[in-house]
Amino acid sequence: MLKILLMGHPNVGKSVVFNRLTGANATESNYPGTTVDYEKGYVFIEGHETEVLDVPGTFSLYPKDKAEEVALKIFTQEKDAVIICVLDATKIERGLYLVLEVLERSRSVIIALNMWDVAKDKGISIDHDHLSSLLGVPVVPTVAVSGAGMKELIFSIHEACTSDVKSIVERAMV
Amino acid sequence: MKKLSEMNVGEKGIVKHISPSIRPVVSAMGLRLNETISIASIQPMGGPFVVSAKNANISIARAHAKNIDVEVIC
């Protein structure tokens, strides 16, 4: 079964994306050995049941606290899972740090540029197509609270791919 | 050039040095070399320095702020 991990900084809307993806089918589960919870749910994508894990928010893959340790543990355990990196579009730069860390570990990634509406209101415009071609992975603008972009996110799951950080740097230099 | 921990509220500067030991921690939060920052607030009772950088407010512990050098612009 295909698995999806929702990863991102704390407070970027991972759980909202999670609830949008899984709907009322969401269940909560306790991760053994820690006090920090992660959530697990299911979504049907093109007829296939797909497991979605809502990973605790983490700034990087170098854990500084219990929640981040859980995040790293899930990340390393679920070797074949597709990673949806949820980014706050208003604070895109620091979110990309985590994206690059994930890509460095050769994982399949899709980027959800969440809070797209807030970014627009703040006058921040992001060329997501260009960003996508620079990074070599799909970039989907989303507004999880309203549900905008969620369909596109689901439809691009199978386009998730790995990307070589060295060639990203080369493309960015041009 | 002064330490981040010596800056005052409203002061603006460019990050010039971050101790290697704390670099992974603060970089992940969005504070990086050559980044223009300003001090949004300094929390009392030994609380953190709230630094504004690139649309984001980042809380930096005082212990970390001592290990960051900033070139003050204004």
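Reference entry: report on the structure contained in this document. All figures in this text were calculated on a predicted structure; none of them were measured in a lab.

Glancing now at the interface of chain A and chain B. Contacts between chain A and chain B engage ten residues on the former and 13 residues on the latter. Summed over both sides, the interface between chain A and chain B buries roughly 970 Å², with carbon and sulfur atoms accounting for 57% of that surface. The three residues of chain A that bury the most area against chain B are Glu93, Arg94 and Tyr97 of chain A, which together make up 53% of that side's buried surface. In this structure, the connection of chain A to chain B is made through two salt bridges. Inspection of the region where chain A meets chain B yields three residue pairs in polar contact (both at pLDDT 80 or more). For the side of chain A that touches chain B, the residue count by class is three nonpolar, three polar and four charged.

Residues and elements named next belong to chain A. Of all hydrophobic cores here, the largest spans 34 residues; its most connected members are Ile111 and Leu113. Mapped onto this core, the elements with two or more residues apiece are strand E1 (3-8), helix H2 (66-77), strand E5 (82-88), helix H3 (92-104), strand E6 (109-114), helix H4 (116-121), helix H5 (128-135) and helix H7 (165-173). Looking at this core, the element that brings in the most residues is H3, giving six residues. Beyond its immediate chain neighbours, meaning those up to four positions away, leucine 113 contacts Leu87, Ala89, Ile92, Ile126, His128, Leu131, Val139, Val140, Pro141 and Thr142. In this structure, Val12, Leu21, Ala144 and Ala160 belong to the second largest nonpolar core, which totals 21 residues.

Quick look at the pattern of salt bridges now. Per the stated rule, a full pass over the model turns up seven salt bridges over all chains. Residue glutamate 51 of chain A pairs with lysine 3 of chain A through a salt bridge whose shortest N-O separation is 3.8 Å. With glutamate 51 of chain A in strand E4 (residues 48-54) and lysine 3 of chain A in strand E1, this pair connects stretches of sequence that are 48 residues apart. On the basis of relative accessibility, which here comes to 22%, the residue lysine 3 of chain A falls in the partly exposed class. In this structure, arginine 32 of chain B and glutamate 93 of chain A form a salt bridge, with 2.7 Å as the shortest nitrogen-oxygen distance. Of the two residues, arginine 32 of chain B sits in the loop between helix H1 (23-29) and strand E3 (36-42) while glutamate 93 of chain A sits in helix H3, which places them in two different chains. Classification of glutamate 93 of chain A by relative accessible area gives partly exposed; the value is 29%. Three or more residues joined by partner-sharing salt bridges are found here, namely Glu93 of chain A together with Arg32, Glu35 and Lys54 of chain B.

The rules behind the values
- Residues numbered from 1 in each chain as written.
- Chains lettered and ligands numbered in written order.
- Predicted model: local features only at pLDDT ≥ 70, side-chain atom pairs only at ≥ 80, totals over all residues.
- Heavy atoms only, no water.
- Contact = heavy atoms within 4.5 Å.
- Buried area = accessible area lost by both parts, 1.4 Å probe.
- Salt bridge = Lys/Arg side-chain N within 4 Å of Asp/Glu carboxyl O.
- Polar contact = N/O pair within 3.5 Å; in protein donor to acceptor, adjacent residues only side chain to side chain.
- Nonpolar A, V, L, I, M, F, W, Y, C, P; charged D, E, K, R; others polar.
- Core = buried A, V, L, I, M, F, W, Y, C linked by side-chain atoms within 4.5 Å.
- Buried < 20%, exposed > 50% of the residue type's maximum accessible area, 1.4 Å probe, protein only.
- Helix = DSSP H or I, 4+ residues; strand = E, 2+ residues; numbered from the N terminus.

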